[in-house]
Amino acid sequence: MRRLLLCTMLGLAIAGPAMADDPAAPADNPRLAAIYAADQAARSRDDIDWDIQREQDRAHRAEVLALLRAGQLRTATDYFRAGILFQHGESDDDYRTALALAQVSATLDPQRSAARWLTAAAWDRLLLHRGQPQWYGTQYQAGKDGALELSPVDEDAVDDAERLRMGVPNLAGARARAAAMGGD
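Read on for a plain summary of the structure. (Residues numbered from 1 in each chain as written. Predicted model: local features only at pLDDT ≥ 70, side-chain atom pairs only at ≥ 80, totals over all residues. Heavy atoms only, no water.)

**Focus on the pattern of salt bridges**
Link 1 in the chain: All chains considered together, the criterion is met by 14 salt bridges.
Link 2 in the chain: In this structure, Arg 58 engages Glu 55 in a salt bridge whose closest nitrogen and oxygen atoms are separated by 2.2 Å. Separated by three residues within a single helix, Arg 58 and Glu 55 lie in helix H3 (residues 50–69), roughly one turn from each other.
Link 3 in the chain: Given the relative accessible area of 33%, Arg 58 is considered partly exposed. (Salt bridge = Lys/Arg side-chain N within 4 Å of Asp/Glu carboxyl O. Helix = DSSP H or I, 4+ residues; strand = E, 2+ residues; numbered from the N terminus. Buried < 20%, exposed > 50% of the residue type's maximum accessible area, 1.4 Å probe, protein only.)

Below, the structure written as structure tokens:
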């Protein structure tokens, strides 16, 4: 898996700028678009059953991995959508894959702020999964009282200028978001 992603990233890093200017560049993958739309629709519901959703997420990741292995991801949007689906994973491998896919998306389209945000969010999620504090402040958790709070942050890992460059709020903004959503 790592070798496949590395080869994909290197190839796209070289071909990416040329592809972005090519009017005959490939279209977004319609199957991936449908998987992504289903993922987002499920997460917009108030009555989500997380046990069922986790199973659906696993099936989505397996299908996206098959598309990736078949060379069916070709655009910045494809890589971004695939990255989001892996961001909804459960393991280091899922989060590392989300990070790599986000980086490919950002390489193919450097103006895509959502790809930079996903890069930061996947890195934060990977760090938290490993029991380390996040860097960018993109991840939240339920506190002891059930209210939303910002997950632990290594405030010295990156500065607020880097956070803003990556498309995430500064730490004061992240804390304000938690407070606005019912946290401290």
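Now that the structure has been shown, we can carry on.
**Description of helix H8 (residues 171–180)**
Link 1 in the chain: For H8, the set of buried residues is Leu 171, Ala 174 and Ala 178. Along the long axis of H8, the arc covered by the buried residues comes to 60 degrees, so they all point the same way. In H8, those exposed residues whose orientation departs by more than 90 degrees from the buried face are Ala 172 and Ala 180.
Link 2 in the chain: Looking at the packing, one finds that the buried side of H8 touches strand S1 (140–142), strand S2 (148–150) and helix H7 (160–165).
Link 3 in the chain: Directly beyond the C-terminal end of H8, a positive phi value near 105 degrees is found at Gly 182. (Arc of directions from axis to C-beta. Contact = heavy atoms within 4.5 Å.)

**Observations regarding the packing of helix H2 (residues 30–43) against H3**
When two helices pack together, their arrangement is given by the angle between their axes and by how far apart the axes lie.
Link 1 in the chain: Running from N to C, H2 and H3 cross one another at 165 degrees; their axes reach a closest spacing of 11 Å. Classified by the angle their axes make, H2 and H3 are roughly antiparallel. Note on packing geometry: the crossing formed by H2 with H3 is left-handed. Residues Arg 31, Leu 32, Ile 35, Ala 38, Asp 39, Ala 42 and Arg 43 of H2 form the contact with H3, whose own contacting residues are Trp 50, Gln 53, Asp 57, His 60, Glu 63, Val 64 and Leu 67.
Link 2 in the chain: Residues of the contact of H2 with H3, tallied by class, amount to seven nonpolar, two polar and five charged. (Axes fitted to C-alpha atoms, helices over the stretch in contact; angles between N-to-C directions. Parallel < 35°, antiparallel > 145°, perpendicular 65-115°, else oblique. Left-handed = near helix turned anticlockwise from the far one by under 90°. Nonpolar A, V, L, I, M, F, W, Y, C, P; charged D, E, K, R; others polar.)

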